[in-house]
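# Descriptive analysis of the structure
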Amino acid sequence: MSESICEVWTTVPNAEVGHRLMQGVLEKKLAACVSFLPALESAYWWEGKIEHAQEGLLMIKTTVEHVKAVEEWIAANHPYDCPAIVTLPILAGYQDYVSWIRETVSKRS
């Protein structure tokens, strides 16, 4: 298998939303693994002013082939009007782990 792997990151407003999105992405077999960092502080421009928020971060391990489906699912199930959804390439990794991600996501039904 030569599919490239990546991580899709998205911020969430709280643990309840984080766990719901994490579970949904996994149940849909859009990812092999989702890591959740429950506490971070974000500052950002929104509607002409700087906002501050306590958020969580989901790090979704998947293949490049499945990124669009991950983005679409998150956007459809996320409470934010404009959720932060970004994809980062994984250029290298422990081969057994990389293979596991590819194999797990490729078994999507």
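Shown above is the structure to which this text applies.
Description of the structure in this document. (Residues numbered from 1 in each chain as written. Predicted model: local features only at pLDDT ≥ 70, side-chain atom pairs only at ≥ 80, totals over all residues. Heavy atoms only, no water.)

Attention now moves to the sheet that holds strand β4 (residues 85–89). The 4 strands lie next to each other as β2-β3-β1-β4, forming an open sheet whose pairing is antiparallel. The two strands at the open ends of the sheet, each matched to only one other strand, are β2 (33–46) and β4. Each neighbouring strand pair of the sheet contributes to a mean axis angle of 30°, computed without reference to strand direction. Relative to the sheet, helix α3 (residues 95–106) contacts β1 (5–12), β2 and β3 (49–63), its axis offset from that of β3 by approximately 90°. (Pairing = 2+ DSSP bridges. Helix = DSSP H or I, 4+ residues; strand = E, 2+ residues; numbered from the N terminus. Axes fitted to C-alpha atoms, helices over the stretch in contact; angles between N-to-C directions. Contact = heavy atoms within 4.5 Å.)

With that out of the way, let us pick up the pattern of salt bridges. Going through the model one piece at a time under the given rule, you end up with 3 salt bridges. Here K61 makes a salt bridge to E7, at a shortest N to O gap of 3.5 Å. Within this pair, whereas K61 is found in strand β3, its partner E7 is found in strand β1, the two being separated by 54 residues in sequence. (Salt bridge = Lys/Arg side-chain N within 4 Å of Asp/Glu carboxyl O.)

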